[in-house]
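# Topology and contacts: notes
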Amino acid sequence: LLPGGVVTGLVGDTYHMFKPTQNFTRGFCSWDFIRGQEGDPVRSGPLSAVDVSPYHPEGLNDLHAWPTLTQYLLNMLDRHSEEDYLTPRVFRRACTWLEENRQNDPWFLWVDSFAPHERWDPPMQFADSYYTTSESRNYIQPQLVNRTTPSEPEIERTKALYYGYVTFVDKWIGVFLDKLREMQLLDDTLVIFTSDHGTELWDRDRFGKGGDRLYRYNTGIPLIVRHPDGRDGGTVRDDFVQHQDLLPTVCSALGVALPN
């Protein structure tokens, strides 16, 4: 519990938060880790069931070209429908948390979706709505494109994978917001949306990000706040805000003192 008796929950699939020694779960009343992203070692085989050639610039089934891609594909072997993807699993679990905790008032829920971080791997109809071509592979690990001199169709298709993934995540955020509305919780719930970093979409001949490329599109992140009383609705501010400002903001909204 936060000071003041606030019930806290964490639901996410961001592998790094749940690694040993990271302790991001510390202090939460409950937490749920949806496994399978990044290099999360959910499975170790069968490697014979994994084929990275559709995502490799030269069409090679090289399982060592990008090990986290191989691990990710192993983790996704049991995925058959849209709801098997990790993003829907995160937001469906978050909806269940709301149902389980509707009598725990006040509450704080942190929903952490790793997507649309690479691998840019949405259900392909989402990417197809932006750009389709027969002249490009689906480079769901976009850094592999950085090792080549990609054609214009390859660049545009890789962008479409990202755009499609963002749209896919947006759909499932909508499912969660619809659940809040259905449960008549929106009128007294503060909703905050933010991210950790941006990404490059061939802005300077590269996909992805890096500590040596601190451009605006990598370092400027969204922060959208919906206040239940509608204050400042639709306005845009130019205040300088960082992640460390979120904790005091949330505590202030809940009327509790900052933890020591």
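Here's a quick rundown of the structure. Because the structure is predicted, anything quoted here is derived from the model rather than measured.

Here is what the cut-offs are and how they apply
Residues numbered from 1 in each chain as written. Predicted model: local features only at pLDDT ≥ 70, side-chain atom pairs only at ≥ 80, totals over all residues. Heavy atoms only, no water. Pairing = 2+ DSSP bridges. Helix = DSSP H or I, 4+ residues; strand = E, 2+ residues; numbered from the N terminus. Axes fitted to C-alpha atoms, helices over the stretch in contact; angles between N-to-C directions. Contact = heavy atoms within 4.5 Å. Patch = residues over 30% accessible without salt bridge, like charges linked within 9 Å, V, L, I, M, F, W, Y side chains within 5 Å. Areas by Shrake-Rupley, 256 points an atom, 1.4 Å probe, with all protein chains shown as cover. Salt bridge = Lys/Arg side-chain N within 4 Å of Asp/Glu carboxyl O. Parallel < 35°, antiparallel > 145°, perpendicular 65-115°, else oblique. Nonpolar A, V, L, I, M, F, W, Y, C, P; charged D, E, K, R; others polar. Buried < 20%, exposed > 50% of the residue type's maximum accessible area, 1.4 Å probe, protein only.

## Overview of the sheet that holds strand β1 (residues 7–12)
Strand-to-strand pairing in sheets goes through backbone hydrogen bonds, with the strands running parallel or antiparallel. Spatial ordering of the open sheet is given by β2-β1-β3, a layout of three strands whose pairing is parallel. One side of each edge strand has no neighbouring strand; the edge strands of this open sheet are β2 (30–33) and β3 (107–112). When strand polarity is set aside, the average angle formed by the axes of neighbouring strands in this sheet is 5 degrees. The pairing of β1 with β2 spans four bridges and is classified as parallel. Residue pairing in the sheet places Leu-10 in a bridge with Trp-31 of β2. With respect to the sheet, helix α2 (residues 86–101) is in contact with β1, β2 and β3, its orientation differing from that of β3 by roughly 170 degrees.

## As for a nonpolar patch on the surface
On the surface, Leu-223, Val-225 and Val-241 cluster together into a nonpolar patch covering about 240 Å² of accessible area. The topology assignment puts Val-225 in strand β7 (residues 223–226).

## What about the packing of α2 against helix α4 (residues 152–182)?
Where α2 meets α4, the axes come as close as 9 Å, and the angle between the chain directions of the two elements is 10 degrees. Comparing the axis directions of α2 and α4 gives the class roughly parallel. Facing α2, whose interface residues are Thr-87, Pro-88, Phe-91, Arg-92, Ala-94, Cys-95, Leu-98 and Glu-99, α4 presents Phe-168, Val-169, Trp-172, Ile-173, Val-175, Phe-176, Lys-179 and Leu-180. A breakdown of the residues in the contact of α2 with α4 according to their chemical character gives twelve nonpolar, one polar and three charged.

## Brief notes about the pattern of salt bridges
Enumeration over the complete set of coordinates arrives at 16 salt bridges. Arg-35 is the partner of Asp-40 in a salt bridge, and the nearest nitrogen-oxygen pair spans 2.7 Å. The class for Asp-40 is buried, based on a relative accessible area of 1%. The partner of Lys-179 in a salt bridge is Glu-182, with the nearest N and O atoms 3.5 Å apart. Here Glu-182 and Lys-179 lie together in helix α4, a separation of three residues that amounts to about one turn. Given the relative accessible area of 13%, Lys-179 is considered buried. Counted as one network, the salt bridges with shared partners bring together Asp-32, Arg-93 and Glu-100.

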